[in-house]
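Listed below, chain by chain, are the residues.
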Amino acid sequence: MNLIDTQSTKDLKEDDVAVIAVVDTGKKTSQVSLWRSVKKSPRIVGYCFALSSAILLYGYDLVIVATVAAMPQFQIVFGQEYHGRYIIPTMWLSLWNVSSCIGLMFGSILGGYYQDRGGRRITLAIGSFLSTIAVAICYISDLPDDLETRRGVFFAGKLFQGMCIGILLCVTQTYMSEVLPVLLRGPVIAFYPIFTLLGQLVGSIVVYTSLKHTGAESYRLCFASQWPFSAIPFVLAAFLPESPAWLLRKGRTDDALKEQKRLDTNHVNSEAVIDELQASMAAEELESATHTYADCFRGVNLRRTLIVAFANIIPQLFGLQLLANSSYFMQIVGMSSANSLVFLILGIGLGLIANFISLWALNAFGRRFLILLTLGIVMVLWFAVGIAGIFKGTVTIWYTAVSMMLITMISGLGSWPASFVVAAETSSLQLRAKTQGIGWFSAGLGTAVFAIILPYIYNADQGNLKAKTGFVMAGLAAVAVVVVWLAVPEMKGRTPMEIDHMFSLRLQTRAFKGWHSDVTLTSGIQDIHPPVKG
């Protein structure tokens, strides 16, 4: 049976048409339990778990600016007095929040480009090493005597740190999506929100425990705690097997098989895995002979790239940036600094519980359903927060805090982890690194926009909406629901070849779930015939 359908090949030159014969895998992936898949591929799961240290660094960095900005000593050194208390000026709070995002945008594009040239391992090591330098810049940012200079040095450190994190996130997601078996792809890539929350949790606890210290030591401890997270990926890069998919693209078939065997146990036919990767790449070569960033926006790849880009901004649409700033936000609403940190930690804990449940839910219910369901609930909760903000008093403060914890938990159950999975599995193998670069560029851009705008909406010296900001977030969640319904297909349990075939057929979004191919997918390529002339 031809991998590429007859209609699709009509648009190709005769010399480009190849017939790829495949054999039956013998058992549908959906019939295999998650636990059995983990036992079959423990090394891959272990390596991906270790790679999640880079995500941990991302989560820490995401919360560190907002949480440190809530520390009294940091506010004295970097802030200014406003109506009898120290606050961080809106402009600088926005700049610090956006600095990491801007850095992430450039870092992700750089990471997407370089990992296709030098490989996944070396890119991971470079991003990790540079991150340690960025942390050092933040650590010494309070040394200049001039206030504006201190603020500027801290901005530069966060900008550089964001670039390093962009490199690490791009290579991590690319690597995971390339080496994970179909059934493990959803649950393991769901490590992203889990370890993001863990990073936030560590950051929040470090800040909370640092409140007892006086002087610069209180916030410097927070910066120094980032060094271990920066070093772990560097050490891991020395032991991590190189991506077999990247090696195949470089024509290093023997090396690809060698690295695949390092990833697999004796119960897995590594040769068949390599054969399947070759089959997928050979099919994609019929669509495009080049693999540049421009190719991500040509033909059917344009649709796939747009889906990846949108999936990466879903977290901003359900309110991740505001949730990451919840400690400072709750102080603006009227809560004390100590209580705001406690609620931040409780919210992160609930989010972690939800994310662990999502490891099962992603395979049980699918990506599209979970995103739509949880975004709908979040939309209602944000709207209720906006209504509460119309009133004043203690009830509004505590209702807002509890609602934000629930939003973190519900998003962690569905839309947050599912968005990462959609972003990881939508692109083709040949363009995966660069598409992930574009995806994380979009994530950085979305975060930057919200990091700039949100403080102007809720901060006391500007919009002063406080809890009424919930109306804004409810509207954004509603927009996300509509776009997901119209544009994001269900790809649960699909192999890369199936996903390629469905996009090549230009199926409508809601047709993906029920589509059945007449192509028998493979555990290995049987034959690639040369073009037949005349």
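Calculation criteria
Residues numbered from 1 in each chain as written. Predicted model: local features only at pLDDT ≥ 70, side-chain atom pairs only at ≥ 80, totals over all residues. Heavy atoms only, no water. Helix = DSSP H or I, 4+ residues; strand = E, 2+ residues; numbered from the N terminus. Contact = heavy atoms within 4.5 Å. Buried < 20%, exposed > 50% of the residue type's maximum accessible area, 1.4 Å probe, protein only. pLDDT = per-residue confidence, 0-100. Axes fitted to C-alpha atoms, helices over the stretch in contact; angles between N-to-C directions. Parallel < 35°, antiparallel > 145°, perpendicular 65-115°, else oblique. Left-handed = near helix turned anticlockwise from the far one by under 90°. Polar contact = N/O pair within 3.5 Å; in protein donor to acceptor, adjacent residues only side chain to side chain.

### Some details on the side chain of Ser411
Secondary-structure assignment places Ser411 in helix α20 (residues 394-413). Not counting residues up to four positions away in its chain, the partners in contact with Ser411 are Phe318, Val378, Trp416 and Pro417.

### Quick notes on helix α21 (residues 415-425)
Extensive coverage of α21 is indicated by the burial of eleven of its eleven residues. Listed in full, the buried residues belonging to α21 are Ser415, Trp416, Pro417, Ala418, Ser419, Phe420, Val421, Val422, Ala423, Ala424 and Glu425.

### Brief notes about the confidence of the model for the protein chain
Taken as a whole, the protein chain shows an average pLDDT of 82; of its residues, 88% reach a score of 70 or greater. Segment residues 1-31: pLDDT under 50, and 65 contacts once partners within four positions in sequence are set aside and those in other chains are kept.

### What to know about the packing of helix α15 (residues 300-317) against α21
Helices that pack against each other are described as a pair by the angle of their axes relative to one another and the distance between those axes. Viewed as axis vectors pointing N to C, α15 and α21 meet at an angle of 160°, and their least axial separation amounts to 8 Å. For the element pair α15 / α21, the angle class is roughly antiparallel. Here α15 and α21 pass one another in a crossing that is left-handed. Listed contacts from α21 to Ile307, Val308, Ala311, Asn312, Ile314 and Pro315 of α15 are Ser415, Trp416, Ser419, Val422 and Ala423.

### Examining the side chain of Asn312
Of note, Asn312 is situated in helix α15. Residue classification places Asn312 among the buried residues on the basis of a relative accessible area of 7%. For Asn312, the side chain forms a polar contact with the main-chain oxygen of Val308, separated by 2.8 Å. In contact with Asn312, not counting residues within four places along its chain, are Ala423, Gly439, Trp440 and Ala443.

### Comments concerning the environment of Gly437
Within the secondary structure, Gly437 sits in helix α22 (residues 432-458). The class of Gly437 is buried, set by a relative accessible area of 0%. Expressed as a C-alpha distance, the spacing of Gly437 and Ile167, which sit 270 residues apart in the sequence, is 8.4 Å. Those residues in contact with Gly437 that sit more than four places away from it in its chain are Ser108, Ile109, Cys170 and Tyr293.

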